[in-house]
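Descriptive structure summary
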Amino acid sequence: DWTMSAYRDEAIAAIREQVGDQKVICGLSGGVDSSVAAVLIHEAIGDQLTCVFVDHGLLRKGEAEEVVTMFRDNYNMPLIHADEQELFLGELDGVSDPETKRKIIGKLFIDVFQKHAKEVGDATFLAQGTLYPDVIESVSFSGGPSVTIKSHHNVGGLPEKMGLKLVEPLRELFKDEVRELGRELGLPPSFIGRHPFPGPGLAIRCPGEITREKLDILREADAVYIDQIRKHGLYDEIWQAFVAILPVRTVGVMGDGRTYDFACALRAVTSVDGMTADYYPFTHEFLGETATRIINEIPGINRVTYDITSKPPGTIEWE
Ligand code: XMP
């Protein structure tokens, strides 16, 4: 009679057995997988675990604060908040090619993670929230462009490079089981039900060159959109929803004058695993109301479109 609470106890025993009295570092992304892995390992070995949260300046509104508050204050975990916004945004300045963006972010992420991991001193283990499907996927989809899920957070080759052994307590679990384990460990439901968020973050929702101005506008618009989705009780029906800011300004009218501001696209899809997806059939009322709110509340955007592309042939993200 298999239960998640029995799994949790077994997993904790296995972590203690594997790690002994050594130190572990864990990269926290704010996603469900790394969060559940961190809480589980923290239960097993307490302060032998230190988490590193890299803020690359490409997070959604309020995200860094949420993650830091939850893990440092609620769970009392040793947590390094690596504020590396200047570095990432500096290196991305003037870059518009999507794969180049990913490569820059992936490489910097490894550098920054290594730098901060050194602050922990003598860690011998690196914890990762690898799931069973990741294990299979990495076997069956070798090569290809770096668009696989987690291509930057489960930084391939990092453990060897740093001379660290791996702790992967979720390796046998599917996503829904990880969520159940998360509930078992007391993570808040709002956290467990979060939409997936790509490692390169807002960089790939800002087609063309990334500027702080665009990122700030994007964060605000995205927050309004998600607020609308939550208010209408649609969040849990949707696999992923976000705003992309388009690299084009359009003309609008506001009062007596004209505006010349950015256009944005709303995206929302249903999906089982992210491999295929359908656009979400919002009502026209919902779309109209959301467009009005974004244009009224967010200076810098004067036009809102809805992306009705399914995957394939489109991708979920815009880049
Ligand atoms: P696409 O856009 O390829 O996305 O249909 C499928 C899923 O993967 C996420 N995604 C990424 N996640 N690094 C990540 O960690 C990436 O480079 C990346 N690209 C896409 C995307 O958000 C969706 O859930």
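Fair warning: this is a prediction, and the values are worked out from it, not measured in the lab.

Considerations on the overall build of the protein chain
The helix and strand tally for the protein chain stands at 11 helices and nine strands. Relative to the 2.2 N^0.38 estimate, which gives 20 Å for 319 residues, the radius of gyration of the protein chain is 20 Å and therefore close to what a compact globule would have. Referenced to the eigenvectors of the C-alpha coordinate spread, the extents of the protein chain come out at roughly 70 × 45 × 40 Å. The buried share of the protein chain, reckoned over its 319 residues, is 34%. Restricting the contact set of the protein chain to residue pairs at least 6 apart, pairs at least 24 apart contribute 75%.

A closer look at the domain arrangement of the protein chain
By the assigned domains, the protein chain splits into domain 1 (4–192) and domain 2 (211–306). Taking only C-alpha atoms, the centre of domain 1 and the centre of domain 2 are 29 Å apart. On the domain 2 side, the residues contacting the four residues of domain 1 number six residues. For the side of domain 1 that touches domain 2, the residue count by class is two nonpolar, no polar and two charged.

Focus: the packing of helix H1 (residues 4–19) against helix H2 (residues 32–45)
At a minimum axis separation of 9 Å, H1 and H2 run at an interaxial angle of 65°. In terms of axis orientation, H1 runs roughly perpendicular to H2. For H1 against H2, the interelement crossing comes out right-handed. Facing Ala 11, Ile 12, Ile 15, Arg 16 and Val 19 of H1, the residues of H2 in contact are Leu 40, Ile 41, Glu 43, Ala 44 and Ile 45. A breakdown of the residues in the contact of H1 with H2 according to their chemical character gives eight nonpolar, no polar and two charged.

Some words on the sheet that holds strand E2 (residues 49–55)
With parallel pairing, five strands are arranged side by side in an open sheet as E3-E2-E1-E4-E5. Looking at the sheet topology across the chains shown, the edges are occupied by strand E3 (79–83) and strand E5 (165–167). Averaged over all adjacent pairs, the angle separating strand axes in this sheet is 30°, with direction ignored. Pairing between strand E1 (residues 23–28) and strand E4 (residues 123–127): four bridges, direction parallel. Residue pairing in the sheet places Lys 23 in a bridge with Ala 123 of E4. The strands touched by helix H5 (residues 98–119) within the sheet are E1, E2, E3 and E4, with E2 carrying the most contacts at an inclination of about 145°.

Comments concerning the pairing of strand E6 (residues 240–254)
For a regular strand, side chains alternate in direction, first toward one face of the sheet and then toward the other. Two strands pair when backbone bridges link them, and E6 and strand E7 (residues 257–270) are joined in this way by 12 bridges, in the antiparallel orientation. The residue of E7 that forms the bridge with Ile 245 is Cys 264.

The rules we used
- Residues numbered from 1 in each chain as written.
- Predicted model: local features only at pLDDT ≥ 70, side-chain atom pairs only at ≥ 80, totals over all residues.
- Helix = DSSP H or I, 4+ residues; strand = E, 2+ residues; numbered from the N terminus.
- Rg over C-alpha atoms; globule rule 2.2 N^0.38 Å.
- Buried ≥ 20, exposed ≤ 12 C-beta atoms within 10 Å, placed from the backbone.
- Contact = placed C-beta atoms within 7 Å.
- Domains from an automatic or database assignment.
- Nonpolar A, V, L, I, M, F, W, Y, C, P; charged D, E, K, R; others polar.
- Axes fitted to C-alpha atoms, helices over the stretch in contact; angles between N-to-C directions.
- Parallel < 35°, antiparallel > 145°, perpendicular 65-115°, else oblique.
- Left-handed = near helix turned anticlockwise from the far one by under 90°.
- Pairing = 2+ DSSP bridges.

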